[in-house]
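An overview of the molecular structure
Spelled out, the chains give:
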Amino acid sequence: MVQKIIKTALAAGVRLYLEEQKLKFTAPKGALTIELKEAIANHKEQIITYLQFSAQQPGVNAVQARPDPQWRPLSLAQSRLWFLHQLSSGTSSEYNIFAAFEVEGSLNIQIVKRALLEIIMRHEVLRCGYLVNNGEALQFLHETFELPFTVADLSHLDPLAYQQKVEQLSNTLASYVFDLSKDLMLQVTLVSNSDKQHCLLFTMHHIASDGWSIEILAAEFVALYHRLLQNQQPDLTELTIQYADYAYWQTQQVDNDLLSRQLAFWQDYLDGIPAV
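Quick caveat: nothing in here was measured; it's all calculated off a predicted structure.

Looking only at helices and strands, one finds 9 helices and 8 strands in the protein chain. Considering the protein chain as a whole, with its 276 residues, one finds that 34% of them fall into the buried category. Considering only residue pairs separated by 6 or more positions, the protein chain has 71% of its internal contacts joining residues 24 or more positions apart. Of the roughly 16,900 Å² of accessible surface on the protein chain, 54% is carried by carbon and sulfur atoms.

A complete count under the given rule lists 7 aromatic pairs for this structure. The interplanar angle of 50° and the centroid separation of 5.5 Å between the aromatic rings of Tyr243 and Tyr246 together place this pair among those described as tilted. Of the two residues, Tyr243 and Tyr246 are both situated in helix α8 (residues 243-255); the distance of 3 residues between them amounts to about one turn of the helix. The partly exposed category is assigned to Tyr243, whose relative accessible area is 31%. One aromatic cluster in this structure is built from Phe101, Phe202, Phe221 and Tyr225.

Further remarks concern the pattern of salt bridges. Throughout the structure, instances matching the rule amount to 5 salt bridges. Linking Arg66 and Glu124 is a salt bridge whose minimum nitrogen-to-oxygen distance equals 3.9 Å. Remark: Glu124 occurs in the loop between α5 (109-122) and β4 (128-133) and Arg66 occurs in the loop between α3 (44-56) and α4 (76-87); sequence separation between them is 58 residues. With respect to class, Arg66 is no different from Glu124; both count as buried. Here Glu124 and Arg72 are joined by a salt bridge, their closest N and O atoms 3.7 Å apart.

Turning to the confidence of the model for the protein chain, a few remarks are in order. Across the protein chain, pLDDT averages 86, with 88% of residues at or above 70. The secondary-structure element of the protein chain with the lowest mean pLDDT is helix α9 (residues 258-269), recorded at 68, while strand β7 (residues 186-192) shows the highest, at 96.

A few words on the side chain of Arg122. In this structure, Arg122 sits in helix α5. Taking relative accessible area as the criterion, Arg122 reaches 18% and is therefore assigned buried. For Arg122, the side chain forms a polar contact with the side chain of Glu220, separated by 3.1 Å. Beyond its immediate chain neighbours, meaning those up to four positions away, Arg122 contacts Glu220, Leu236, Thr237, Glu238, Leu239 and Gln242.

This part is about α4. For α4, which comprises 12 residues, the first-to-last C-alpha distance of 17 Å matches the rise-based estimate of 16 Å (1.5 Å per residue) to within 8%. Turning to α4, its buried residues number three or more, namely Gln78, Leu81, Trp82 and His85. Buried positions in α4, seen along its axis, are confined to an arc of 105° and lie on one side of it. Seen from the buried face of α4, the exposed residues on the opposite side, beyond 90 degrees, are Phe83 and Leu87. Where α4 terminates, the next one or two residues include Ser89, which has phi positive at roughly 60°.

The phi dihedral of Ser89 falls on the positive side, at around 60°, and the residue is not glycine. Although it is not a glycine, Asn134 adopts a positive phi angle of roughly 55°. Its place among the elements puts Asn134 in the loop between β4 and β5 (136-141). Given the relative accessible area of 77%, Asn134 is considered exposed.

Pairing within the open sheet is mixed, and its 4 strands lie in the order β3-β8-β7-β6. Each edge of the open sheet carries a strand with a single partner, namely β3 (96-104) and β6 (149-153). Sheet twist, expressed as the average angle between the axes of neighbouring strands with direction ignored, equals 15°. In the sheet, β6 pairs with β7 via 5 bridges, with the strands oriented parallel. Within β7, the residue paired with Phe149 across the bridge is Val188. Strands β6, β7 and β8 (197-205) of the sheet are contacted by α5, whose axis makes an angle of about 155° with β6.

This part takes up the side chain of Ser170. As for its placement among the helices and strands, Ser170 is situated in helix α6 (residues 159-174). Relative accessible area serves as the criterion here: at 12%, Ser170 is assigned to the buried category. Not counting the four nearest positions on each side in its chain, Ser170 is found in contact with Phe98 and Leu201.

What counts and what doesn't
Residues numbered from 1 in each chain as written. Predicted model: local features only at pLDDT ≥ 70, side-chain atom pairs only at ≥ 80, totals over all residues. Heavy atoms only, no water. Helix = DSSP H or I, 4+ residues; strand = E, 2+ residues; numbered from the N terminus. Buried < 20%, exposed > 50% of the residue type's maximum accessible area, 1.4 Å probe, protein only. Contact = heavy atoms within 4.5 Å. Areas by Shrake-Rupley, 256 points an atom, 1.4 Å probe, with all protein chains shown as cover. Phe/Tyr/Trp six-rings, centres within 6.5 Å; stacked < 30°, edge-to-face > 60°. Salt bridge = Lys/Arg side-chain N within 4 Å of Asp/Glu carboxyl O. pLDDT = per-residue confidence, 0-100. Polar contact = N/O pair within 3.5 Å; in protein donor to acceptor, adjacent residues only side chain to side chain. Expected span 1.5 Å × (residues − 1). Arc of directions from axis to C-beta. Pairing = 2+ DSSP bridges. Axes fitted to C-alpha atoms, helices over the stretch in contact; angles between N-to-C directions.

Dropping the structure here:
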């Protein structure tokens, strides 16, 4: 209940804190409603105790490179998606993330391919496969691979037929069934209607990406394409941490009792909500 009150207060712009072990707050005008004020007053001692306890908890260690670069455990989210993939016998495209980007102007296909290759080499998780070793699902790195890139030249179609074909290709790519043991976790199709009208279609498996990943990929692709088109070296900031490092860090945090603390938080936060 205490965490609910604090969360509700924060959502309203009310910050509760301790000063010389006394409960204080800052709030925009009108944010501290009568109901919220009563809830804080009725649970004042519990809130003070909670804030004191929180202040004494050790901070979470920062993510660092894993000690063994060859060891690539799955994160908790990846383990869940791996299980669901196995549950569907590997025939589902439910966990694909699809995006389409219209491009106007001339496009150098060879530079597009180079930019995509740079992204795949930059983000290890995009070229990881998944296997089971001694009963444990792990990631492994594809050392050699074919660039998952195809081109569809639709310059012979009229505008209406072009749009219909783009929709068809989009649906096909969005429903692509990834083989997690063999495929890269990214598929790209370039659709062209003329030298000046193109559409880039991306599909990524959720085990290697999320909504933010698509935005990052698009931004990096644009930056890389323009640099390479001008015969310049890519200048993206070097990544010191890969997703496998985060997965390893997460497993260590779970071992260090973080999971128990998070479970306790959600049990308190969801207390009183009707069962589903």
